[in-house]
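Chain residues, written in single-letter form:
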Amino acid sequence: MSVDTTPEQREQRTPEASTPGPSWSERVVGSFKRVEWQQTLLIALMMAIGWCALFLGSSILQILAGIVPVMAGLYLGRRVKGDWLMHGLVLGVSGFFFGLIVVLIYGGLGEAGFVELPSLQISPEGEPTQVTMQELLFFYATFSVFALIPFPAFGTVMSGRAEQRNRQLQQEVAERGGRLERPGVVRTLEDLRGLSLPQLGSFVLNLYRKKGFEFTDYRFTDKDKHLDLDMVYEGEPYILRLTVVDKVRPGTLESLIQDMRRRSINKGLVITSTEFTPDALKSGRDRKNIILIDGQTLFDISES
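Residues numbered from 1 in each chain as written. Predicted model: local features only at pLDDT ≥ 70, side-chain atom pairs only at ≥ 80, totals over all residues. Heavy atoms only, no water.

So, on to the nonpolar core. Residues V204, Y208 and L240 are the most contacted members of the largest nonpolar core, which totals 25 residues. Those elements that place two or more of their residues in this core are α9 (189–193), α10 (197–210), β3 (214–221), β4 (226–233), β5 (236–243), β7 (267–272) and α13 (295–303). Among the elements that line this core, the one with the most residues is α10, at seven residues. For V204, the residues in contact, after removing those within four places along its chain, are L229, L240, L242, I271 and L298. Among the nonpolar cores identified, the runner-up in size contains 24 residues, and I43, M47, V68 and L148 belong to it. (Core = buried A, V, L, I, M, F, W, Y, C linked by side-chain atoms within 4.5 Å. Buried < 20%, exposed > 50% of the residue type's maximum accessible area, 1.4 Å probe, protein only. Helix = DSSP H or I, 4+ residues; strand = E, 2+ residues; numbered from the N terminus. Contact = heavy atoms within 4.5 Å.)

Moving on to the environment of L136. Counting through the fold element by element, L136 comes out in helix α7 (residues 133–148). With relative accessibility at 0%, the residue L136 sits in the buried group. On a C-alpha basis, the gap between L136 and V103 in space is 7.7 Å, while along the polypeptide they are 33 residues apart.

Attention shifts here to α10. Along its 14 residues, α10 runs 20 Å from first to last C-alpha, staying within 8% of the 20 Å computed at 1.5 Å per residue. Residues of α10 that are buried include every one of L197, P198, Q199, L200, G201, S202, F203, V204, L205, L207 and Y208, and no others. Where α10 ends, the next residue or the one after it, G212, has phi of about 105 degrees, a positive value. (Expected span 1.5 Å × (residues − 1).)

As enumerated under the stated definition, the model contains ten salt bridges in all. Its salt-bridge partner being R78, residue E163 comes within 3.8 Å of it at the nearest N-O pair. One end of the pair, E163, is in helix α8 (residues 150–176); the other, R78, is in helix α5 (residues 67–79), with 85 residues separating them in the sequence. Between D259 and R262 there is a salt bridge, and its shortest N-O distance comes to 3.5 Å. Linking D259 with R262, this pair stays in helix α11 (residues 250–263), spanning three residues, or about one helical turn. R262 gets classed as exposed once you look at its relative accessible area, which sits at 61%. Ionic contacts of the salt-bridge type, sharing partners, join the residues E190, R193, K247 and E275 into one network. (Salt bridge = Lys/Arg side-chain N within 4 Å of Asp/Glu carboxyl O.)

Structure (structure tokens):
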């Protein structure tokens with residue numbers, strides 16, 4: 001017995017080597033290349049000007065200056081789509097050097113006598129005194145490096161992640177056709193019948209959760225005429241089809257049956273805050289796996 005050991009055969013038997021992911025340095029370089037420079041540098045320039053305007057002012061304005069880098073980071077984080085840490089670091093470092101240029105220009109004008117140099121409190125024990133060019137640069141460097149670099153990065157990351165969550169939520173709501181709304185207080189049957197479809201969805205969802213159902217998802221269908229709640233009871237999936245039309249006709253029941261077959265779900269409920277037509281009631285009695293619940297019955301269930 002012979003065994004084929006040709007190079008082609010060995011290559012076929014050799015498992016493919018897993019491709020290593022990018023290294024840390026490659027990820028940093030890639031993130032740096034994806035920086036949106038135009039708007040990042042523009043925001044950094046505005047941040048530096050605002051920072052220096054407050055920094056060179058009175059002691060009260062110097063306290064307010066700490067808000068500027070955080071606000072700049074929050075603003076940038078909402079405008080970029082990713083790489084928030086790198087954007088925040090670029091924003092902070094650029095803003096620091098832009099501010100340094102502003103201070104150099106201001107200090108040079110002060111040394112030349114065109115403007116008055118600010119009075120700053122260099123030491124905690126001393127009184128505010130008019131500073132020299134060197135003292136101004138020292139005060140800016142020591143005070144700004146700890147505020148203009150980490151704070152914008154923090155603000156950018158926090159704002160970017162929050163904005164990403166908001167975009168994901170908006171996308172999910174768009175895919176579902178809308179969002180559920182909190183219903184008002186339901187004390188009477190008329191209150192129940194006055195609920196909109198999104199409000200009825202929240203009402204039914206909360207009610208059936210109390211009855212032991214587990215909620216999985218929802219979706220508006222048929223151009224927002226129906227709202228489907230996907231729920232599970234004792235391991236069995238259910239579709240709860242909700243509607244608020246004046247008279248629920250057999251078409252609502254038939255469309256639910258088709259969706260149940262397509263999704264291989266055996267149990268369903270048609271729930272309305274109003275009433276069913278006689279034809280819909282007759283069609284529902286012929287279906288053992290579907291329950292019809294009108295507004296009066298739903299109200300009685302909520303009161304029980």
